[in-house]
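Architecture and fold: a report
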Amino acid sequence: MTEVRLRLLGAVELRVDGTDVPLGPARQRTVLAALAVDAGRPVQIDTIVDRVWGLSPPEQVRGVLYSYVNRLRGALRVARDRAVLARRSGGYALDIDPSCVDLLLFDRLARGGSASELDAALALWHGPALAGLTGEWVSRTRDLLTHRRLETTAGWARAQLAAGRAEAVIDVLRPLAGKHPLVEPLAALLIEALHRQGRGAEALDRWAAVRRHLVAELGTEPGPELRALHRTLLRPAPSTPNSLPADTAAFTGRRPEVDRLLHCGPGVQAVAGMPGVGKTALAVHVAHRLRGAFPDGQLYVNLHGHTAGRDAAGPTDVLATLLIADGLDPRRLPSGLEARSALWRARMAERRTVIVLDDAAGSDQVIPLLPAGSTCLVLITSRRFLGDLPGDAVPVSLDVLTADEAGTMFRRLAPARPDDPAELVAACGHLPLAVALLARLLRRHPGWTVADLLRETHERLLDATAEHASIAAAFDLSYRHLPATRQRLFRLLARHPGTDFEPYAVAALAELPVAAALAELDALHADNLLTEMGRRRYTMHDLIRSYGQRLAEPDAAALGRLLDFYAATANAADARLARLTRPGPPPAPLPEDLDPLAWLRAERANLTACLAVAEKPGQIVSLTAGMAELLRRDGPWSEALTRHAAAVAVASGLERANALVDLATVRRLTGDYPGAVRDAREALSGYGSMGDRLGGANALTVLAKALSREAGYLESMPVIARALGAYRTLGDRHGEAGALVELAIARGMTSDFHGARQLLGQALARYRSLGDRPGEAYALRILGVAHGRVGDFTGARQLLTEALELYRRLGARLGEALTRNDLGRVVAGLGDYPAAVGALRAALTSHRRLDHRMGESTALLYLGAALRRSGDPAGAATALREALAIDREIHNRSGEAMVLNELGALHRLTGDAGRARTAHREALAVAGQVHSPFDRALALAGLGQCDVAGGRAPEGAAQLRTALRILRRIDAAEAAEVAADLEALLREARKN
């Protein structure tokens, strides 16, 4: 649905689907505003005139208004039926959903009155109302709306103060109170917020300034609300306990987490994250900012969950610290955990206090320390996920800083250094502990540059110290608390060649049952030594990985198990996806609920990393084979060529023949048809020497596809027919269905459209009986192309749309891109050239992303044809010239003939008969070489048109008759167009 936004609370603007729509000059925008304030209701013409021109309307004002209305209707046309300027009795009405007009939406939200509604209402403003417009009505309306905005802001501030969010109120009210110093409710709310934040002196200064304004400008004293507030400010504040450490001066970033904690209200928030990620800094920073919201105290206690050289603090001792900090006489301190916990809860029951429990070892340590009431906020930090806390405790997961935040933090800590620290903080993995440590190190060595420190960092970052602390020491404290089995797994994971992992791979790596591997991964994640990227998928921070690698010795057996797991699973996934059955032992079955393509895509980086460390030829060949279908579908094919060539180089026997078929397949996709023919023939010879008939059929299939482009479809048809016979003899129904499609393509390209459709019907039935959805999509696509070639564009679109939907569901990017090519050509055949151009441009982008040269040239050919028919000859010429260059580069002779004929048609359209004749003659020659009657007929028809244009009507008629006979014989859709051209020529001749 079209999204429409009409904005009046600021400059008058119209946005449709995120794009600004020009609304014309100021008077025209005033007309729109005059109607928009009463959207949905008729506004009389006299009222509109009064709002726009006041007491000085121009002559012929109704004509001028009508002109503005017409222009606005034109501007609103892009909104379709979502915004209509309609004529009503005696006037006009803007028919639009009120929620699409910011002013009307503001009124509705402000009336709602909840904190969230008021927040949303104020967020709609983006400047003074009706900014940029002038006039008496505009000024009155702007003043009225400004007053409503101030009233709403006051209501919002009251709601924020009630929720303990005084700092947010100060940020918003300070500039507003400065602009409107005589609005007492705003001044009172700002003063109250300052007082709640403990900023009493500033609150008194603000009160005095307000009084001066009132006396000087209105001659009056402050009202009752401000006077009562003044008495409160003068009353001595009771002392409250505060044991917070100093806030971090260089605190940086964490905007989402800070906002969340500042607005969460009372309760328990458990901040968890890896060592050095800044948990304590966040909790202390937030606690300082919440002093006004929790005026009864700010308490901090270190639980020493990971302090070197000492045990974690016991809850009994911690309670003693908290109670004494809260003012309890130590002589009245009860003994025992239960008694102290009960007293603590009683003292906190009605108090608004923020409590920071830092570095918790576990939930058992923390639970006795939690207040029982609903007035305190407890901020817990821990390296572990505290899963046994009460159910209303909210976990807050803390990650490393962003690159920009880490750079800002470094510059704050080392402000005298002008160098860009981006590379340095990246080497730290944006971990706050590491960034702070290096900044302090740079300050300790004033003669060093950032580049010097970077070199030092690469050599010994984990052990670098500014005084005593190091990153490795922080990690040590977490590592040494792990049981021995978990320490072993941590070391093995640090040696994993990839960057992320899931339980099945980890089970193979560590020789564990999958359930045990999952439990260990969850435990390491709970200790924040792993990060969960998605469901059951984990990774390590780079510095933690480096730390783990220092602890681990290379384990060849573990690496071998991991590589064997990835190779076996990849080959099983590949077998589920591939069109050809790979000769050799069948792969182990995949779990039924595992999506093979999704698994391969998720594990691609790991498979590539495993290939980089694999040394045994068998591992290299097997891992590459497991990626064959993924590389074919997703590319880039330049990478596929490199990997398959490497596999061929180390493989032997059956594996080498299989690798050659994979290599030939990708060579064909990249347009290297001679190379594809050579590799397929070598594979065919290898299979033959081993007596492997299935492999031979596969090699014949790939050879036929390459030959069709290299030598023509007449050369490829006997080869694919041999493959079809072999598959039928072997009972390989998948292979048989694929060979039927390839034979149908050859028949279609040699203009046997009827035979092609028969073969495609058989192939489609085979694929459906096998439940082969990718094969079904392929057959549907080629069948749609065949229907389009005989002029059944409606049937073609239906078949291609079905194929496209299948490819989308399968995630088959190449199939989807190729189908978009064909759909674009069919939509153009139906006469919808703008839609065709859009579809073909999208397809072109996909082919370029996949590095699919053949698909790219086809998209350019069809795009050129659509642009020619839509009246863009320059765009058509650019596309066609590029298509021709690609076809000649990749030796796509069939495509070359098509492009040449299309170029001939374009030159005829632009009146360049000489170049048109040359293009059609070249097309005629190529069509003869590739044995394509269809392309030959189009070339003859084009030459006939050139003859007619050059005054050689008899010669032209003869060419057109020959072309028509061919097109009718092969049942081509273009026969109707040629017949019409010939009839027109004969009719003209009869006139003369």
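Per an unreviewed UniProt entry, the protein carries the name DNA-binding transcriptional activator of the SARP family and comes from Paractinoplanes atraurantiacus.

1. A look at the sheet that holds strand β10 (residues 377-382)
Strand order in the open sheet formed by 5 strands is β8-β9-β10-β7-β11, and the pairing between neighbours is parallel. Only two strands of the sheet have a single partner each, and these edge strands are β8 (297-302) and β11 (394-397). Each strand of the sheet is rotated relative to its neighbour by a mean of 15°, with strand direction disregarded. By the bridge criterion, 6 bridges tie strand β7 (residues 267-272) to β10 in an arrangement that is parallel.

2. Details of the packing of aromatic side chains
For the structure on display, the rule yields 3 aromatic pairs. Consider the rings of W53 and Y68, whose centres lie 6.3 Å apart with planes at 15°: the pair is stacked. Highlighted residues: W53 in helix α2 (residues 45-53) and Y68 in helix α3 (residues 61-76), separated in sequence by 15 residues. A relative accessible area of 11% places W53 in the buried class. Above the ring of Y92, the side-chain terminus of R87 is found at 4.9 Å from the ring centroid. Positioned over the ring face of F294 is R352, at 5.2 Å from the centre of the ring.

3. Focus on the nonpolar core
By size, the foremost hydrophobic cluster in this structure holds 94 residues, and its most contacted members are L379, L493, Y566 and L623. Counting residues per element, this core draws most heavily on helix α25 (residues 556-577), at 10 residues. Grouped together as the second largest cluster of nonpolar side chains are 90 residues, A737, I745, L783 and A879 included.

4. Some remarks on the environment of L562
Along the chain, L562 turns up in helix α25. With relative accessibility at 0%, the residue L562 sits in the buried group. Along the chain, L562 and R936 lie 374 residues apart, while their C-alpha atoms are 57 Å from each other. With residues up to four places along the chain from it excluded, the contact list for L562 reads H496, P497, A505 and L509.

5. Overview of the side chain of R668
Position of R668 among the secondary structure elements: in helix α30 (residues 653-669). For the buried residue R668, which engages in no salt bridge, the nearest side chain bearing the opposite charge is E742, 6.5 Å off. If we skip the residues at most four places from it in the chain, R668 touches Y673, A676, K705 and A706.

6. Notes on helix α27 (residues 617-626)
For α27, the tally of buried residues reaches 7 of 10 residues, placing the bulk of the element in the interior. Those residues of α27 not exposed but buried are Q619, I620, V621, L623, T624, A625 and G626. On the buried face of α27, the contacting elements are α25, α26 (596-613), α28 (628-634), α29 (637-650) and α30.

7. Structural notes on the packing of helix α22 (residues 503-510) against helix α23 (residues 514-526)
It is the contact of α22 with α23, at a shortest axis distance of 8 Å, that shows an interaxial angle of 105°. With respect to α23, the axis of α22 lies roughly perpendicular. Contact residues: α22 offers P503, Y504, V506 and A507, while α23 offers V514, A517, L518 and L521. Residue composition of the contact of α22 with α23, grouped by class: 8 nonpolar, no polar and no charged.

Calculation criteria
- Residues numbered from 1 in each chain as written.
- Predicted model: local features only at pLDDT ≥ 70, side-chain atom pairs only at ≥ 80, totals over all residues.
- Heavy atoms only, no water.
- Pairing = 2+ DSSP bridges.
- Helix = DSSP H or I, 4+ residues; strand = E, 2+ residues; numbered from the N terminus.
- Axes fitted to C-alpha atoms, helices over the stretch in contact; angles between N-to-C directions.
- Phe/Tyr/Trp six-rings, centres within 6.5 Å; stacked < 30°, edge-to-face > 60°.
- Buried < 20%, exposed > 50% of the residue type's maximum accessible area, 1.4 Å probe, protein only.
- Lys NZ or Arg CZ within 6 Å of the ring centre and 35° of its normal.
- Core = buried A, V, L, I, M, F, W, Y, C linked by side-chain atoms within 4.5 Å.
- Contact = heavy atoms within 4.5 Å.
- Lys, Arg positive; Asp, Glu negative; His and termini not counted.
- Salt bridge = Lys/Arg side-chain N within 4 Å of Asp/Glu carboxyl O.
- Parallel < 35°, antiparallel > 145°, perpendicular 65-115°, else oblique.
- Nonpolar A, V, L, I, M, F, W, Y, C, P; charged D, E, K, R; others polar.

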